[in-house]
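As a plain string of letters, each chain reads:
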Amino acid sequence: MSARGLTKKQTTSAEIVLERPMVTRHYKMVWDLDRCVGCQIGPAVCPKDAVKHIPAELEGGRMVKRAGVDIDAEACIFCGMCAVMCPTQAISMTINGEPEIPIIDYEAFPKLIESTVFERELFDFGLKDFVVNNCPTHVISYNAEADTMEVDDAHCIRCRQCEVASSGAFQVVQPWEGLVRLQRDKCVEGCLACADICPTRALHIDDDGELTLADYYCIKCGACMQICPVKPEVEKYTTTFEVKEIEVKRERERVMNAHDLPIWVERWRVKHSPVDSGAWRAALLDMADDKAGAVEIDRTRALRRRDLLKALAGGKAMLERAKH
Ligand code: SF4
Ligand code: SF4
């Protein structure tokens, strides 16, 4: 029997590889398990529930086995949503050997607006080794020939460590806006597990051995909430949103004990290229805090609201013209 159309899965300690050979297109996705931190975003964004969070193993409040994910090969439809949203750039996708993400090509999903830029004239090159060694993902290098600093942009996680380490010569745009809060008095005594998983060192152990949060570096991945032994209590509720003027209902969960959790992360808003699709709005409702979904939906509605159009300078004439 031909294997065409069936998904093949290979798992090693370093990666999960899914491949689906079709008649003219060979789909391949790779999850790099060294980069994966078992965040909240991957399992939330997958429309087919194919991404399962694998919890870390803890001993004495420290991580002894890393958190990660497993992928249900039969459920995965190779849409690429998780590859777009992965906060640690752990997922790559190719079609016929070339990088390609179908959900973006079909304009059903946006590109995230994120960047890391190096301004050579602002940099004190005496800091170059410090900046290179400080990057948590080791994606900065010094190009001696061009006498400049370079970033492997595909793997940069936008933590902003280089911004601070270089006194502003690196400038980073993070995709997510939101909040992270640490309440040390709510922690399980002696636990430091979130510092072990945090990919940005926003959560770290300071020189006195204390768990400390440097919130500026946080990318709102939520891996710290996943590993924390104090678990959220959730309640289910139904939300509605509009897709092409049809009301869609969706079941969601909300956390009831946020104020009792040692670590708390909110994702309010994500910077992205323009898109108007049900897939994106549904994904946003699953990934982000309630308010983020509401802001996007309000924006889409605003573009159609007659009272707002009319309030534009010359808006009344525009509406009149639109009638004819
Ligand atoms: S933003 Fe973070 S991961 Fe990216 S280059 Fe700077 S220090 Fe490295
Ligand atoms: S502190 Fe921020 S970057 Fe670190 S694990 Fe938590 S959400 Fe992710």
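Reading the values: rules and limits
- Residues numbered from 1 in each chain as written.
- Chains lettered and ligands numbered in written order.
- Predicted model: local features only at pLDDT ≥ 70, side-chain atom pairs only at ≥ 80, totals over all residues.
- Heavy atoms only, no water.
- Helix = DSSP H or I, 4+ residues; strand = E, 2+ residues; numbered from the N terminus.
- Rg over C-alpha atoms; globule rule 2.2 N^0.38 Å.
- Buried < 20%, exposed > 50% of the residue type's maximum accessible area, 1.4 Å probe, protein only.
- Contact = heavy atoms within 4.5 Å.
- Areas by Shrake-Rupley, 256 points an atom, 1.4 Å probe, with all protein chains shown as cover.
- Domains from an automatic or database assignment.
- Buried area = accessible area lost by both parts, 1.4 Å probe.
- Polar contact = N/O pair within 3.5 Å; in protein donor to acceptor, adjacent residues only side chain to side chain.
- Nonpolar A, V, L, I, M, F, W, Y, C, P; charged D, E, K, R; others polar.
- Near = heavy atom within 4 Å.
- Core = buried A, V, L, I, M, F, W, Y, C linked by side-chain atoms within 4.5 Å.
- Pairing = 2+ DSSP bridges.

Tallying secondary structure elements over the protein gives 11 helices and 19 strands in all. Taken over C-alpha atoms, the radius of gyration comes to 22 Å for the protein, in line with the 20 Å a tight globule of 324 residues would show. When its C-alpha atoms are laid out on the principal axes, the protein stretches across 70 × 60 × 50 Å. Taking all 324 residues of the protein together, 44% fall into the buried category. Across the protein, every contact between residues at least 6 apart in sequence was considered, and the portion connecting residues at least 24 apart equals 60%. Surface exposure of the protein reaches about 17600 Å², of which carbon and sulfur atoms provide 51%.

On domain assignment, one finds that the protein holds domain 1 (8–105), domain 2 (115–173) and domain 3 (176–294). Averaged C-alpha coordinates put domain 2 and domain 3 at centres separated by 27 Å. With 10 residues of domain 2 at the contact, the number on the domain 3 side is 7 residues. Approximately 850 Å² of surface area, both sides summed, lies buried where domain 2 meets domain 3, with 49% of it carried by carbon and sulfur atoms. On the domain 2 side of the interface with domain 3, the three residues burying the most area are I157, R160 and Q161, jointly 48% of the side's total. Counting across the interface, domain 2 meets domain 3 through 5 residue pairs in polar contact (both at pLDDT 80 or more). Element by element, the count of residues in the side of domain 2 that touches domain 3 is highest for helix α5 (residues 161–165), at 3 residues. Looking at side-chain class alone, the side of domain 2 that touches domain 3 contains 5 nonpolar, 2 polar and 3 charged residues.

With respect to spatial proximity, 14 residues lie near ligand 1, and among them C135, T137, C156, C159 and C162 are the closest. Class assignment of the residues belonging to the shell around ligand 1 gives a composition of 10 nonpolar, 2 polar and 2 charged.

So, about the nonpolar core. In terms of nonpolar packing, the biggest core is built from 75 residues, with M29, W31, M85, I103, F109 and M287 touching the most fellow members. Counting residues per element, this core draws most heavily on helix α2 (residues 81–85), which supplies 5 residues. Each of domain 1 (8–105) and domain 3 (176–294) gives at least three residues to this core. Aside from chain neighbours lying at most four places away, what touches I103 is C79, G80, M81, V84, A108 and F109. F118, C135, C156 and A169 belong to the second-largest nonpolar core, a separate cluster that totals 13 residues.

This brings us to the side chain of R267. Looking at the element boundaries, R267 is found in strand β19 (residues 263–270). Here Q40 takes part through its side chain, which lies 3.1 Å from a polar atom of the side chain of R267. At 2.8 Å, the side chain of R267 and the backbone oxygen of K220 are in polar contact.

This part takes up the pairing of β19. Where burial is concerned, most of β19 is hidden: 6 out of the 8 residues are buried. Pairing between strand β14 (residues 176–182) and β19: 7 bridges, direction antiparallel. When the sheet's bridge partners are listed, W176 is paired in β19 with V270.

The subject of this paragraph is the environment of R267. The class for R267 is buried, based on a relative accessible area of 8%. For the pair R267 and L284, spaced 17 residues apart in sequence, the C-alpha separation works out to 9.8 Å.

Residues in close proximity to ligand 2 include C198, P199, T200, L203, C218, I219, K220, C221, G222, C224 and V265, which together make up its full environment. Among the residues making up the shell around ligand 2, the classes are represented as 8 nonpolar, 2 polar and 1 charged.

Turning next to the environment of C86. Tracing the backbone shows C86 in the loop between α2 and β8 (91–95). Using a relative accessible area of 11% as the deciding quantity, one classes C86 as buried. When the C-alpha atoms of C86 and I157 are compared, they prove to be 9.3 Å apart, with 71 residues separating the residues in sequence.

With that settled, consider the sheet that holds strand β2 (residues 15–21). If you trace the 5 strands from one edge of the open sheet to the other, you get β1-β2-β3-β8-β9, paired in antiparallel fashion. Two strands close off the open sheet at either side, each with one partner strand: β1 (8–11) and β9 (98–99). The sheet contact formed by β1 and β2 spans 4 bridges and is antiparallel. Pairing of K9 across the sheet is with L18, part of β2.

The next point concerns unusual backbone geometry. With a phi angle near 55°, Q89 is a residue other than glycine that sits in the positive phi range. You can see Q89 is positioned in the loop between α2 and β8. In this model, R201 sits at a positive phi of 65°, which is unusual for a non-glycine residue. By the secondary structure assignment, R201 is in the loop between α6 (193–197) and β15 (203–205).

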